[in-house]
Amino acid sequence: MTIGLIAGHGNFPRQVLRAARQIGHDVAVVAIAGEASPDFEAHARDLGVSAFSWIELGQLGACIQAFKAAGVSQATMAGHVKHVRIFGGVAPDPLLLAVLQKLPAQNTDSLLSAVVAVLGDHGISVTDSTALLPALVARAGVLTRRAPDDLMQADFAFGYRIADIMKDRAVVAVEGMEGTDAAIARAGALAGGGARVVKVAKPAQDRRFDVPVVGLGTVAAMKAAGADALSIDAGLTLVVDGEQFYAAANDAGLVVVGRQRS
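Note that the structure is predicted; figures quoted are calculated from it, not measured.

Engineer: What's the story with the overall build of the protein in this structure? I'm lost.
Structural biologist: If you tally the helices and strands in the protein, you get 10 helices and 13 strands. A total of 262 residues make up the protein; the buried ones form 48% of that total. In the protein, of all internal contacts separated by at least 6 residues, the share reaching a separation of at least 24 is 73%. Accessible surface, the protein: about 11,800 Å² in total, of which carbon and sulfur atoms supply 54%.

Engineer: Mind showing me how you'd approach the sheet that holds strand β1 (residues 2-7) here?
Structural biologist: Through backbone hydrogen bonds, the strands of a sheet pair up, either in parallel or in antiparallel fashion. Pairing is parallel in the open sheet, where 5 strands are placed in the order β3-β2-β1-β4-β5. The sheet is open, and its two edges are formed by β3 (51-55) and β5 (125-126), each paired on a single side. In this sheet, β3 lies alongside strand β2 (residues 26-32) in parallel orientation, the contact comprising 5 bridges. Bridged to Val-29 within β3 is Phe-52. Against the sheet, helix α6 (residues 108-121) touches β1, β4 (74-78) and β5, its axis set at about 160° to β4.

Engineer: Honestly, the confidence of the model for the protein in this entry has me stumped. Any pointers?
Structural biologist: Detailed reading of the predicted model is not advised wherever pLDDT is low. With 88% of its residues at a pLDDT of 70 or more, the protein has an overall mean of 87. For the protein, per-element mean pLDDT is lowest for strand β8 (residues 170-173), which scores 52, and highest for strand β6 (residues 141-142), which scores 98.

Engineer: How should I be thinking about the pairing of strand β11 (residues 229-233) in this particular structure?
Structural biologist: Every regular strand shows the same layout, with side chains that alternate between the two sheet faces. Counting buried positions over the 5 residues of β11 gives 5, a clear majority of the element. In β11, alternate side chains face the same way, and those of Ala-229, Ser-231 and Asp-233 on one face and Leu-230 and Ile-232 on the other are all buried. Sheet topology note: the strand β9 (residues 196-199)/β11 ladder contains 4 bridges and is parallel. Each residue of the ladder has a partner; that of Val-198, found in β11, is Ser-231. Across 5 bridges, β11 lies against strand β13 (residues 255-259) in parallel orientation. Bridge pairing in β13 places Leu-230 opposite Val-256.

Engineer: I tried to follow the nonpolar core on my own but got confused; where do I start?
Structural biologist: Inside soluble globular proteins, nonpolar side chains tend to come together where they are buried. Within the largest apolar cluster, 26 residues are counted, with the highest numbers of intra-cluster contacts made by Leu-60, Phe-67, Met-77 and Leu-119. Those elements giving two or more residues to this core turn out to be β2, α3 (60-69), β4, α5 (94-101) and α6. Once residues within four sequence positions are removed from consideration, Leu-60 is found in contact with Asp-93, Leu-95, Leu-96, Val-99, Val-115, Val-118 and Leu-119. Counting residues in hydrophobic clusters, the runner-up holds 23 residues, among them Ala-7, Ala-19, Val-137 and Val-211.

Engineer: Before we go on, may I ask you to explain the packing of aromatic side chains in this structure?
Structural biologist: Two aromatic rings, taken as a pair, are described by how far apart their centres are and by the angle between their planes. Counted by the stated rule, this structure contains 4 aromatic pairs. Measuring from centroid to centroid gives 5.5 Å for Phe-52 and Trp-54, while their planes differ by 65°, and the two rings are edge-to-face. The exposure class of Phe-52 is buried, given its relative accessible area of 10%. Residue class for Trp-54 comes out partly exposed when judged on its relative accessible area of 33%. Chaining the aromatic ring pairs together yields one cluster made of Phe-40, Phe-52 and Trp-54. One cation-aromatic arrangement involves Arg-139 over Tyr-246; the distance from NZ or CZ to the ring centre is 5.3 Å.

Engineer: Just to check I follow, could you spell out the side chain of Asp-228 for this structure?
Structural biologist: Note on placement: Asp-228 falls in the loop between α9 (216-225) and β11. Aside from chain neighbours lying at most four places away, what touches Asp-228 is Arg-146, Met-152, Gly-194, Ala-195, Arg-196, Met-222, Leu-254 and Val-255.

Engineer: I would appreciate a short explanation of the environment of Gly-8 in the present structure.
Structural biologist: Secondary-structure assignment places Gly-8 in the loop between β1 and α1 (12-22). Each C-alpha atom of the pair Gly-8 and Lys-82 lies 9.1 Å from the other, and the pair is 74 residues apart in sequence. Every residue in contact with Gly-8, bar those within four places of it in the chain, is listed here: Pro-13, Glu-35, Ala-36, Ala-78, Gly-79 and His-80.

Definitions and cut-offs
- Every chain is numbered on its own, with residues counted from 1 as its sequence reads.
- Per-residue local features of the predicted model are confined to residues with pLDDT of at least 70, and side-chain atom pairs are confined, for both listing and counting, to 80 or more; whole-chain, interface and lining totals are unaffected and use all residues.
- Side-chain figures throughout are based on the complete set of non-hydrogen atoms in the structure, without hydrogens or water.
- Here a strand is any run of E in DSSP of at least two residues, a helix any run of H or I of at least four, and the numbering for each starts at the N terminus.
- Only protein chains enter the calculation, and the probe is 1.4 Å; a residue is then buried if its accessible area is under 20% of its type maximum, exposed if over 50%, and partly exposed in between.
- The contact definition used throughout considers only heavy atoms, calling two residues in contact when any of these lie within 4.5 Å.
- Here the accessible surface of atoms and residues is derived via Shrake-Rupley with a 1.4 Å probe, and residues count as covered only by protein chains that are part of the display.
- For two strands to be treated as a pair, DSSP must find at least two bridges joining them.
- For helices, the fitted line uses only the C-alpha atoms of the stretch in contact; every axis is such a line through C-alpha atoms, and the angle between N-to-C directions lies from 0 to 180 degrees.
- The quantity called pLDDT is the predictor's confidence in a given residue, expressed from 0 to 100.
- Here, nonpolar core means buried Ala, Val, Leu, Ile, Met, Phe, Trp, Tyr and Cys residues that are tied together by side-chain atoms lying within 4.5 Å of each other.
- Between 30 and 60 degrees the pair is tilted, below 30 it is stacked and above 60 it is edge-to-face, where a pair is any two Phe, Tyr or Trp rings, Trp via its six-membered ring, whose centres lie within 6.5 Å.
- Placement of a charge over a ring requires the Lys NZ or Arg CZ to be within 6 Å of the ring centre, with the centre-to-atom vector within 35 degrees of the ring normal.

If you want it as structure tokens, here you go:
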């Protein structure tokens, strides 16, 4: 069986690709130019992918054509696309333009949900992007050597209602289109050290294209901003760099907890 991989930014696509090849799947890759790493093609070909194509953001028709040519009927999305690019500076092809014109709301979730529906209309079902990586999904409990103190717990409890960056039970920064790491940097500039990051999955998060992700970049951003604690949702958040993430968090003296959602 050949599965399709739509690859965006970050290490997530590499993890998905490696996992798929390890269990014997052929993989046809469609990589988004300007998002997927420039060296991703060489990495993919080293792993023996059956097909590889670069497309510009907005070329939905080309994506479908590439998958059909490779015999793909099931695909997954991995890696993020900068939100600011999705609704600005993209030249949509006729197929995507028709999708945009029918959107009930101009937001990323609506757009990606519509794109998934169009892929389905063309015989390509999109599956949960973490299905191949169960070992990288966050566990429940304290995930680092250092456990949260009472002040951290209080900030976490407050932040679960708002889901962003807290300090002393005050909202320091709310993540926007710039992404988590940039929001952490902004929080550090505003409030200095001691901020706590709360990353919460949406109540109706569509795991086919929208998975909360943390990785080594998150640790680096927290260190640079002086943030000292991170809460992620157990069973719902992908720790994309696996044990390297936890080792880096421990080396930095950070607290990381996996919240068990009821």
